[in-house]
Number of protein chains: 2
Amino acid sequence: MRVPMDTAPPPRPGLRERKKRRTRDALLRAAVELFVSQGYEHTTVDEIAAAVDVSQRTFFRYFAGKEEAALALEELTVAHFVEAVRARPPHEAPMEALRQAVLSGWHSINEVVESVVPVELYLRMYRVIESTPVLLAAHLRRAAESEETISRVIAEREGLDVDADPRPRLAVAVFSGVMRVTERQWLLEEEFSLAGIHALTSRYLDQVGPALLGNWRTARRTSGSEA
Amino acid sequence: MRVPMDTAPPPRPGLRERKKRRTRDALLRAAVELFVSQGYEHTTVDEIAAAVDVSQRTFFRYFAGKEEAALALEELTVAHFVEAVRARPPHEAPMEALRQAVLSGWHSINEVVESVVPVELYLRMYRVIESTPVLLAAHLRRAAESEETISRVIAEREGLDVDADPRPRLAVAVFSGVMRVTERQWLLEEEFSLAGIHALTSRYLDQVGPALLGNWRTARRTSGSEA
DNA sequence: TGTCAATTGTCAGTCGCTGTCACTAGCCTC
DNA sequence: GAGGCTAGTGACAGCGACTGACAATTGACA
């Protein structure tokens, strides 16, 4: 409202703002480093605060809880992915748009994350999340929330009312289910890389059709290992 | 080992056992009643313990945490459902077996639950879970765990290795995704009943196919409301 | 430079949860 | 059926996550 006719580039944020951002980044980085190195449960909020040399109270002013600090990186990823869905050309069918969005999302994930912590750390954090019950739970809940967001995006693309037509939510639920299986399998790999998730994603999505069909036996050729 | 050749019917459990069971049931019932009436967050463990007139310490000897007490009923349901899947005739295709299992599972849910708390309370508790972030998170994590269990059951039915063939996990993930959407929609209904979930389940499962297909527009007839 | 408001530290307190220890009460054997 | 064994419990102390309140500090802006 201050500068009506201007696409005003962000001026300088002011010292206060910069300081705040630095504190938050430092807290987040310290938290993730501690979580990755000694585990989530064995890291106290006091430790994190001490590592950045602020009071425990300050930590809670930046993060709603320990949990939020642990999932902050992932939140970036999710937002990035939702944007990717929005960016898909309108002519793509829903499932195809979702598929392309994840694939392109993983490509550009580097830039999103690297500004806060090294990607290396980001990937390690994923394992901490998967192996820590409370974090996994919180992770799944957030995933459920983004499913709702994405459902609305899809519905809008198709010109439908999410509450009248179940297909947007169903499609997204199915897609998310597959992505979770993919993600989980990916984390099991020894040296898991961004290239790995890419390949797995495509492969698993291609298997959804066969998985839904009736007769699995006849569809198999050698019944040997294929993973 | 005491009675080698006997399918020995459970003798009497002994006074100690009976007392234990009564304490647990009382705690569970009190917990659920309090959660439903005043909310999960606003109920302290001390309150629950006081309602049954035991020490707080005793509560934690029966339940790993407040959360476990809140989800204990649901655990019954899940176990019941897993059994229902196991009980399906082997000739049914995976998705069909899952579908029939839920439907038949809902039919017999009454007996499973009623022995602990009135079904009425059980249904209300579902809403508490859905509307309480930490509970919803824990709920989803448990759901993820049972997905793994069910995947193994399905794989076994089909004579496959879960780790070699992704289809069991994919099919279950897809199915679970649909069930979650169903469950969520069901809880939104004003007067939600067991009959309601039954109808919704069938309807949504039938919509999975259409939801996965490419062109949603052409498949629609009037684009009017259909929910 | 002085006022205003945002940020922070300190302190006290609640709640979930755990370890410890002594005590009571079923249970089992002789 | 008396005595010992052990499971179940209560009482207490303590930790860690989190919150509210208030005072002290510090950037912002006139």
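Shown above is the structure to which this text applies.
Please read these numbers as outputs of a predicted model, since none were measured by experiment.

All names here are of chain A. The topology assignment puts L135 in helix α8 (residues 133-158). Residue classification places L135 among the buried positions, given a relative accessible area of 0%. For the pair L135 and K20, spaced 115 residues apart in sequence, the C-alpha to C-alpha distance is 26 Å. Look past the residues within four positions of L135 in its chain and what remains in contact with it is Y40, E67, A70, L71, M125, V128 and I129.

Mapping chain B onto chain A is achieved by rotating through 180 degrees and translating by 0.0 Å along the same axis, at an RMSD of 0.0 Å. The transformation just described matches what one would write down for a two-fold rotation axis.

Here the focus is the interface of chain B and chain A. If you look at the interface, chain B gives 48 residues, while chain A gives 48 residues. For the pair chain B and chain A, the summed buried surface comes to about 4,200 Å²; carbon and sulfur atoms form 68% of the total. Considering only the side of chain B, the residues that lose the most area to chain A are B:R167, B:L170 and B:W216, jointly responsible for 19% of the buried surface there. Linking chain B with chain A are 4 salt bridges, by the criterion used here. Between A:E147 and B:R180 there is a salt bridge, with its nearest N and O atoms 3.6 Å apart. Our enumeration of links across chain B and chain A arrives at 4 residue pairs in polar contact (both at pLDDT 80 or more). For the side of chain B that touches chain A, the secondary-structure elements that each account for two or more residues are α5 (94-107), α8 (133-157), α9 (167-188), α10 (194-212) and α11 (216-219) of chain B. Looking at the side of chain B that touches chain A, the element that brings in the most residues is α9(B), giving 13 residues. Here the residues of the side of chain B that touches chain A are counted per class, giving 28 nonpolar, 6 polar and 14 charged.

This brings us to the protein's contact with DNA strand D. Near DNA strand D you find 24 residues, and of these A:R57, A:K66, B:K20, B:T58 and B:R61 are the closest. Backbone atoms, meaning sugar and phosphate, make up 56% of the atoms of DNA strand D lying within 4 Å of the protein. Note that a phosphate oxygen of DNA strand D is positioned 3.1 Å from one of the backbone N or O atoms of A:V45. When residues of the surface near DNA strand D are traced back to their parent elements, those giving at least two are α1 (14-38) and α3 (56-62) of chain A together with α1 (14-38) and α3 (56-62) of chain B. Classifying every residue of the surface near DNA strand D by side-chain character gives 6 nonpolar, 8 polar and 10 charged.

Our focus in this paragraph is the protein's contact with DNA strand C. Residues in contact with DNA strand C amount to 22 residues; listed here are only the nearest, A:K20, A:T58, A:R61, B:R57 and B:K66. If you look at DNA strand C and keep only atoms within 4 Å of the protein, 52% of those are sugar or phosphate atoms. Measuring from a base oxygen of DNA strand C, one finds a side-chain N or O atom of A:R61 at 2.7 Å. Breaking the surface near DNA strand C down by element, the ones donating at least two residues are α1 and α3 of chain A together with α1 and α3 of chain B. Split by residue class, the surface near DNA strand C holds 6 nonpolar, 7 polar and 9 charged.

In this section: the nonpolar core. Nonpolar side chains in soluble globular proteins generally cluster together in the buried interior. Counting 128 residues, the largest nonpolar core has A:Y122 and B:Y122 as the members making the most contacts within it. Setting aside its immediate chain neighbours within four residues, B:Y122 contacts B:L73, B:T77, B:W106, B:I109, B:V113 and B:V117.

Scanning the model with the defined rule gives 12 aromatic pairs over all chains in all. Measuring from centroid to centroid gives 5.3 Å for B:F59 and B:F60, while their planes differ by 90 degrees, and the two rings are edge-to-face. In textbook terms, an aromatic cluster arises when at least three aromatic residues are bridged by ring pairs, as seen for A:W106, A:Y122, A:Y126 and A:W186. The ring centre of A:Y40 lies 4.4 Å from the NZ or CZ of A:K66, which sits over that ring.

This part covers the packing of helix α4 (residues 66-87) of chain B against α8(B). Residue and element names in this part refer to chain B. Running from N to C, α4 and α8 point in directions that differ by 20 degrees, and their axes come no closer than 11 Å. Considered as vectors, α4 and α8 are oriented roughly parallel to each other. α4 and α8 meet at a crossing whose hand is right-handed. Contacts from E67, E68, A70, L71, E74, E75, V78, F81, V82, V85 and R86 of α4 reach α8 at L135, A138, H139, R141, R142, S146, T149, I150, V153, I154 and R157. Here the contact of α4 with α8 is composed, by residue class, of 11 nonpolar, 3 polar and 8 charged.

What counts, and at which threshold
- Residues numbered from 1 in each chain as written.
- Chains lettered and ligands numbered in written order.
- Predicted model: local features only at pLDDT ≥ 70, side-chain atom pairs only at ≥ 80, totals over all residues.
- Heavy atoms only, no water.
- Helix = DSSP H or I, 4+ residues; strand = E, 2+ residues; numbered from the N terminus.
- Buried < 20%, exposed > 50% of the residue type's maximum accessible area, 1.4 Å probe, protein only.
- Contact = heavy atoms within 4.5 Å.
- Least-squares fit on C-alpha atoms with pLDDT ≥ 70 in both.
- Buried area = accessible area lost by both parts, 1.4 Å probe.
- Salt bridge = Lys/Arg side-chain N within 4 Å of Asp/Glu carboxyl O.
- Polar contact = N/O pair within 3.5 Å; in protein donor to acceptor, adjacent residues only side chain to side chain.
- Nonpolar A, V, L, I, M, F, W, Y, C, P; charged D, E, K, R; others polar.
- Near = heavy atom within 4 Å.
- Core = buried A, V, L, I, M, F, W, Y, C linked by side-chain atoms within 4.5 Å.
- Phe/Tyr/Trp six-rings, centres within 6.5 Å; stacked < 30°, edge-to-face > 60°.
- Lys NZ or Arg CZ within 6 Å of the ring centre and 35° of its normal.
- Axes fitted to C-alpha atoms, helices over the stretch in contact; angles between N-to-C directions.
- Parallel < 35°, antiparallel > 145°, perpendicular 65-115°, else oblique.
- Left-handed = near helix turned anticlockwise from the far one by under 90°.

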